[in-house]
Amino acid sequence: MAEPALIVTGSEPFPFPLTEAQQQSVRRRAILSCAVGNFFELFDFTIYGYFAVAIAHAFYPSGSMFSTFATFGAAFLMRPIGAIVLGAYGDRVGRRAALVVTIGLMAAATGFTGLIPTYQSIGIWAPVALVICRLLQGFSTGGEWGGAAAFLVEYSPPGKRGLIGSMQQFSTQIGALSGSLSAALLASNLSEADFYAWGWRLPFVIGFLLGPIGYYLRRKVAETPAFERAVEHRVVERSPFLAAIREYRIRMLQAFGLSIIGCIANFVFVIYLVSYAINTMKLPPGSALSCAVVSGLIVVTLTPIVGHLSDRVGRRPMVLACAVLNLIFDYPLFLLAIDGGGISSLLIALACNAVFQSLYTGVIPSILAEMFPTRVRYTGLSVSYGFAVVLFGGFAPLISTWLVAATGNPLAPAFYVMAGGAASAVAILSMKERLNAPLE
């Protein structure tokens with residue numbers, strides 16, 4: 001009787017034999033559990049940005065957008081901490097165990113956000129409670145992103161790491177898209193008074209109620225073959241963070257640099273520019289948020305296509321194209337959106353940037369995961385990406401608001417994004433292509 005085939009993921013086979021049907025079943029469960037969790041994590045995390053105007057009215061006495069964006073950015077201060085703590089946990093105990101923790105924390109923080117009384121009801125404790133929830137969300141997301149990327153890439157068969165890795169961004173973009181869609185639907189179908197009074201709270205409560213589905217799926221999935229092999233060979237690091245810093249600091253700097261453009265462009269265009277259109281340009285909230293929905297649809301559609309294409313032509317050309325296109329076209333796009341002054345101009349600007357963004361989202365999980373060996377993969381990519389997000393993502397709306405106030409130029413944020421594109425291009429050119437190379 002013939003021996004069952006071994007499932008092969010990169011260079012790491014499962015430490016036990018599986019039939020072809022079992023191989024496919026294991027992969028499907030792994031992708032589904034990770035994707036569903038990613039969806040809930042990013043839906044829960046990003047809806048804050050889409051409801052920024054309503055949150056400003058509810059929790060800050062002056063309705064200050066500056067305070068609201070500061071709270072939005074505060075969550076990102078915790079992302080590197082979550083990356084270090086949960087990344088080390090994932091490299092020592094397992095990817096699955098860490099991802100179960102992240103989704104539980106996110107569900108709890110999101111539910112409480114939707115239930116916090118307003119400033120008018122409990123005074124200063126309202127924004128304090130909001131900040132605590134956002135910090136908890138940031139800690140959770142700091143461990144979620146890198147864990148999901150490592151999990152999917154380690155489950156990928158040879159020659160498909162780009163495609164399967166892109167499912168991480170595909171599912172997170174669907175989560176972000178669902179957040180913008182819920183905001184657009186509520187803003188369009190509720191009266192302004194109801195939207196600001198209670199309508200904005202609904203997605204937070206729904207996100208909390210749906211979170212247990214992702215928790216259940218992650219509890220049931222098997223650990224990745226690459227990590228199982230590391231355990232079998234006793235090469236699990238006791239201090240993954242220190243090992244990553246000591247042995248792979250150059251790769252971490254490269255990973256940090258190439259991550260900048262996707263972080264900064266996403267938060268400036270989709271979060272800041274849409275909020276600016278509503279708050280300053282006085283465009284109808286439902287229409288402006290609908291532009292964000294279209295942008296999200298473009299990214300969702302193109303992300304797996306770019307991931308699949310990267311398995312043929314490489315990861316570096318895709319991310320480099322994203323960086324260069326942002327460097328060249330962001331100023332004209334900002335000029336179009338703001339000087340055009342209408343919904344159609346905003347839509348065109350967001351749609352063009354979404355095409356650029358998909359060149360990043362389609363490959364970022366695989367390109368980062370391929371840069372680090374299994375024993376420090378979770379930590380190395382989580383910390384690198386986490387610091388890029390906190391410095392060039394989470395505070396991007398706040399920095400953009402400050403730049404406009406300091407310069408008096410509403411186009412100033414475009415130069416901020418262009419600088420990010422230049423920095424990422426330098427990082428990408430300094431690194432090597434690892435397409436189809438065995439996972440270390």
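Computed from a predicted model, the values in this text were never measured in an experiment.

*Asks:* Even after reading the chapter, I still don't get the overall build of the protein, so can you show me in this structure?
*Replies:* Helix and strand counts for the protein stand at 19 helices and 2 strands. A compact globule built from 440 residues should have a C-alpha radius of gyration of about 22 Å, and the protein, at 21 Å, falls within 12% of that. Projected onto the principal axes, the alpha-carbon positions of the protein cover approximately 70 × 45 × 40 Å. Across the 440 residues in the protein, those meeting the buried criterion constitute 59%. Taking contacts inside the protein between residues at least 6 apart in sequence as the whole, the part at least 24 apart equals 83%. Accessible surface computed for the protein: about 16200 Å², of which carbon and sulfur atoms make up 69%. Across the protein, the mean location of the 28 positive side-chain charges is 4 Å away from that of the 21 negative side-chain charges.

*Asks:* What should I look at first to understand the pattern of salt bridges in this one?
*Replies:* Any two side chains of opposite charge can pair if their charged atoms end up close together. Scanning the model with the defined rule gives 9 salt bridges in all. Between R161 and E370 there is a salt bridge whose closest N-O contact spans 2.9 Å. One end of the pair, R161, is in helix α8 (residues 161-189); the other, E370, is in the loop between α16 (364-369) and α17 (377-394), with 209 residues separating them in the sequence. In terms of burial, R161 and E370 fall into one category: buried. One salt-bridge network, held together by shared partners, links D91, R95, E154 and R377.

Conventions we followed
- Residues numbered from 1 in each chain as written.
- Predicted model: local features only at pLDDT ≥ 70, side-chain atom pairs only at ≥ 80, totals over all residues.
- Heavy atoms only, no water.
- Helix = DSSP H or I, 4+ residues; strand = E, 2+ residues; numbered from the N terminus.
- Rg over C-alpha atoms; globule rule 2.2 N^0.38 Å.
- Buried < 20%, exposed > 50% of the residue type's maximum accessible area, 1.4 Å probe, protein only.
- Contact = heavy atoms within 4.5 Å.
- Areas by Shrake-Rupley, 256 points an atom, 1.4 Å probe, with all protein chains shown as cover.
- Lys, Arg positive; Asp, Glu negative; His and termini not counted.
- Charge placed at Lys NZ, Arg CZ, Asp CG, Glu CD.
- Salt bridge = Lys/Arg side-chain N within 4 Å of Asp/Glu carboxyl O.

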